[in-house]
Amino acid sequence: MHLLSLVESAPCSPIPQRSPLSVVFSSGASTRVHQNQGRLKEREKMTKKKKVQWFWMWVIGSVTLRLILVYFPRNLNLSSRPEVSTPLTSLRRLAEGYWLKRSSMSPYAGSMYHGSPLLLTFLGPLTVTRIEGQPDQLLCSLVFVIADVISATLIRAAGRSLQAAYSSSLKVIGLHQLSETSGLASLAAFGWVLATHLSLYPSILIIPVILLLGYGPDAPPRKLFQQRIKLEVGNSSSIGSNNLKEELKDQSSVLKVFAWRLVVHFFIWILLWSSYVLVLCGIYLQKHGGLQELYRRTYGFILTIPDLSPNIGVLWYFFAEVFDFFRSFFLMVFHGNILLMIMPLALRLNHRPCFLAFVYIVISSLLKSYPSVGDSALYLGLLGLFSYELKDIRFSFLLFAGYVGVSLLSPVMHNLWIWRGTGNANFYYATAIAYALFQVALVIECVNCMLNHDRMVTKLTTTKLKDAKS
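Residues numbered from 1 in each chain as written. Predicted model: local features only at pLDDT ≥ 70, side-chain atom pairs only at ≥ 80, totals over all residues. Heavy atoms only, no water.

## A word on the state of the cysteines
Right, so step 1: Taken as a whole, this structure holds 0 disulfides when the rule is applied.
Right, so step 2: Unpaired in terms of disulfides, Cys-446 finds its nearest cysteine sulfur in Cys-449, a separation of 7.5 Å.
Right, so step 3: Residue classification places Cys-446 among the buried residues on the basis of a relative accessible area of 0%. (Disulfide = S-S within 2.5 Å. Buried < 20%, exposed > 50% of the residue type's maximum accessible area, 1.4 Å probe, protein only.)

Listed below in structure tokens is the structure:
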């Protein structure tokens, strides 16, 4: 009772009240914070608008340059340049194959055309359509310009999604990205089947596509996420939050799971699209040898390299000089180089499927039978997808100067050899060797820079984990 009386008689502590000045200052600080946040959002919007404007300005400039090249074919004579036109990509050979088809003959008769018969259906009529007062094959050229613009837009969209996925993975909240590829299995299968049908070398891209569907887009090594999750599980167990501990365990299990279901769907769609394409080709070539003639004239032409016309590759000159007795051996050696690089790169770069696809494209462009500048344009366009990881690449100016120098010297050496007669094949082949060396240097430096970036991220992450444990 005495204690109760003391408690009741004790003076109550007054509730602290804030002064009017403190209220004014706190409200002013909050308004300043909101204003700064609004300014940052406005700046982000302005930068995005500027990037979009610059992109479309580059698109307009590129389309204008392409149209200039289309409307001055007689002066530039690009359709006959070995750097641009190859036995597999020549529009003249496509027009020849379409003419043979219209004459009720096999499009592969005469050993001129070595492409897909489906191209004769879609692009063949455009090669013979003439518009008065306009350049030849104008419609085909316009189709190619539209295809390039669409490709540039898709590469830009892929770069934005890849950058968003990588930034979210750095914050360890990128697990939701794994479910965004579920609707792309059919589209990826269609693209892979069509690319492999038109050329043999895109078939090796099936490994990056499987890794992309199974593990998701490019991210730092998965062991870093597992280490971070283990640390958070330990902290949550010490705190006693069971719900958080269960969520973190679920995330760690998701990191270890390979999305086999998406990969199975991908292979099912491959079977469907491949069957559809083969049925169409079989109907088209029913009276001209069927699918066996198709494979012999397309894939067989790529693998055996019977046409030794000059190009910017390194195989034509070598097989022009080698003895026929050793030809089969060196064919296996050159084609086997691509196969030998597939698995080691896939094992080392399995957490970066998009970059792995880029490396495969560079290697196939280097060692393919009939390369052109279109192959280098493809992987140089994809190089911008990894600008953040490759910002510390070495010899960038030397590589840029080398590509420009080869582009300028190659037509000069070809002119001295073929038209003026003051040079020989070694002049032109020297530029091809230089071009190959610059491609080798580019792919080595890109892989080295990407691995250094992963090592830096691993080092920073392990340092932070050690500090958190201590």
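Still to come is the rest of the account.
## As for the packing of helix α12 (residues 260-284) against helix α13 (residues 290-297)
Right, so step 1: Orientation of α12 relative to α13, taken along the N-to-C sense of each, is 100 degrees, at an axis distance of 8 Å. As the angle between them shows, α12 and α13 are arranged roughly perpendicular. Only Leu-291, Leu-294 and Tyr-295 of α13 make contact with α12, whose side of the interface consists of Leu-278, Cys-281 and Gly-282.
Right, so step 2: Here the residues of the contact of α12 with α13 sort into 5 nonpolar, 1 polar and no charged. (Axes fitted to C-alpha atoms, helices over the stretch in contact; angles between N-to-C directions. Helix = DSSP H or I, 4+ residues; strand = E, 2+ residues; numbered from the N terminus. Parallel < 35°, antiparallel > 145°, perpendicular 65-115°, else oblique. Contact = heavy atoms within 4.5 Å. Nonpolar A, V, L, I, M, F, W, Y, C, P; charged D, E, K, R; others polar.)

## Things to note about the side chain of Arg-81
Right, so step 1: Following the sequence through the fold, Arg-81 ends up in the loop between α3 (73-76) and α4 (91-102).
Right, so step 2: In this structure Arg-81 touches Ser-410, Pro-411 and His-414, once residues within four positions along its chain are discounted.

## Some points on the confidence of the model for the protein chain
Right, so step 1: In this model, the protein chain carries a mean pLDDT of 79, and residues with pLDDT of at least 70 account for 76%.
Right, so step 2: Scored below 50 in pLDDT, residues 173-182 makes 16 contacts in the model with residues more than four places away or belonging to other chains.
Right, so step 3: The low-confidence segment residues 250-254 (pLDDT under 50) makes 4 contacts with residues lying over four places distant or belonging to another chain. (pLDDT = per-residue confidence, 0-100.)

## What about the pattern of salt bridges?
Right, so step 1: All told, the structure shown has 9 salt bridges when counted by the stated rule.
Right, so step 2: Of the charged contacts in the structure, one is a salt bridge between Asp-307 and Arg-93, with a shortest N-O distance of 3.1 Å. Remark: Arg-93 occurs in helix α4 and Asp-307 occurs in the loop between α14 (299-304) and α15 (315-321); sequence separation between them is 214 residues.
Right, so step 3: Here Arg-93 falls in the buried class, since its relative accessible area comes to 16%.
Right, so step 4: Put simply, Lys-368 and Asp-375 hold a salt bridge, and the shortest N to O gap is 3.2 Å.
Right, so step 5: Among the charged side chains, a salt-bridge network with shared partners connects Glu-293, Arg-296 and Arg-297. (Salt bridge = Lys/Arg side-chain N within 4 Å of Asp/Glu carboxyl O.)

## Re a nonpolar patch on the surface
Right, so step 1: The grouping of Leu-65, Leu-69, Leu-78, Val-84 and Val-373 at the surface amounts to a nonpolar patch, some 360 Å² of accessible area in total.
Right, so step 2: Mapped onto the elements of the fold, Val-84 is located in the loop between α3 and α4. (Patch = residues over 30% accessible without salt bridge, like charges linked within 9 Å, V, L, I, M, F, W, Y side chains within 5 Å. Areas by Shrake-Rupley, 256 points an atom, 1.4 Å probe, with all protein chains shown as cover.)

## Some details on the packing of helix α9 (residues 206-215) against helix α17 (residues 353-367)
Right, so step 1: Put simply, α9 and α17 touch, their axes get as near as 8 Å, and they point 175 degrees apart. Classified by the angle between their axes, α9 and α17 sit roughly antiparallel to one another. Residue-level contacts link Ile-207, Pro-208, Leu-211 and Leu-212 of α9 to Pro-353, Cys-354, Leu-356, Ala-357 and Tyr-360 of α17.
Right, so step 2: By residue class, the composition of the contact of α9 with α17 is 9 nonpolar, no polar and no charged.

## Looking at helix α19 (residues 396-419)
Right, so step 1: Its 24 residues place the ends of α19 35 Å apart at the C-alpha level, agreeing with the 34 Å of an ideal helix rising 1.5 Å per residue.
Right, so step 2: In the structure, α19 departs most strongly from a straight axis at Leu-409, where the bend amounts to approximately 25 degrees and where the proline Pro-411 lies between one and four residues downstream.
Right, so step 3: Three or more residues of α19 are buried, namely Leu-399, Gly-402, Tyr-403, Val-406, Ser-410 and His-414.
Right, so step 4: Of the residues trailing α19, Gly-421 is marked for its positive phi of about 75 degrees. (Expected span 1.5 Å × (residues − 1). Bend = angle between axes of the 7 residues up to and from the residue.)

## Some details on the nonpolar core
Right, so step 1: Formed by 53 residues in total, the largest nonpolar core has its most connected members in Phe-355, Phe-358, Val-359, Tyr-379 and Phe-386.
Right, so step 2: Sorting the residues of this core by element identifies α14, α15, α16 (327-348), α17, α18 (373-382), α19 and α20 (425-469) as the ones contributing at least two each.
Right, so step 3: With 13 residues, α20 is the largest single contributor of residues to this core.
Right, so step 4: Residues in contact with Tyr-379, not counting those within four places in the same chain, are Phe-358, Ile-361, Val-362, Ser-365, Tyr-403, Tyr-435, Gln-439 and Leu-442.
Right, so step 5: Residues Tyr-113, Ile-206, Ile-210 and Leu-285 belong to the second largest nonpolar core, which totals 26 residues. (Core = buried A, V, L, I, M, F, W, Y, C linked by side-chain atoms within 4.5 Å.)

## A closer look at the side chain of Asp-454
Right, so step 1: Turning to its location among the elements, Asp-454 is positioned in helix α20.
Right, so step 2: Asp-454 sits in the buried class, given a relative accessible area of 4%.
Right, so step 3: Within the structure, Asp-454 has its side chain in polar contact with the side chain of Arg-352 (distance 2.7 Å). (Polar contact = N/O pair within 3.5 Å; in protein donor to acceptor, adjacent residues only side chain to side chain.)

## Topic: α13
Right, so step 1: Residues Gly-290, Glu-293, Leu-294 and Arg-297 constitute the buried set of α13. On an axial view of α13, the arc spanned by its buried residues comes to 105 degrees, and they lie on one face. Of the exposed residues in α13, the ones pointing more than 90 degrees away from its buried face are Gln-292 and Arg-296.
Right, so step 2: Each element contacted by the buried residues of α13 is listed here: α5 (117-122), α8 (185-198), α12 and α14. (Arc of directions from axis to C-beta.)

## Quick notes on the environment of Ser-116
Right, so step 1: The residue Ser-116 is located in the loop between α4 and α5 in this model.
Right, so step 2: Given a relative accessible area of 2%, Ser-116 falls into the buried group.
Right, so step 3: A sequence separation of 181 residues divides Ser-116 from Arg-297, and the C-alpha atoms of the two residues are 9.4 Å apart.
Right, so step 4: With residues up to four places along the chain from it excluded, the contact list for Ser-116 reads Tyr-108, His-197 and Leu-198.

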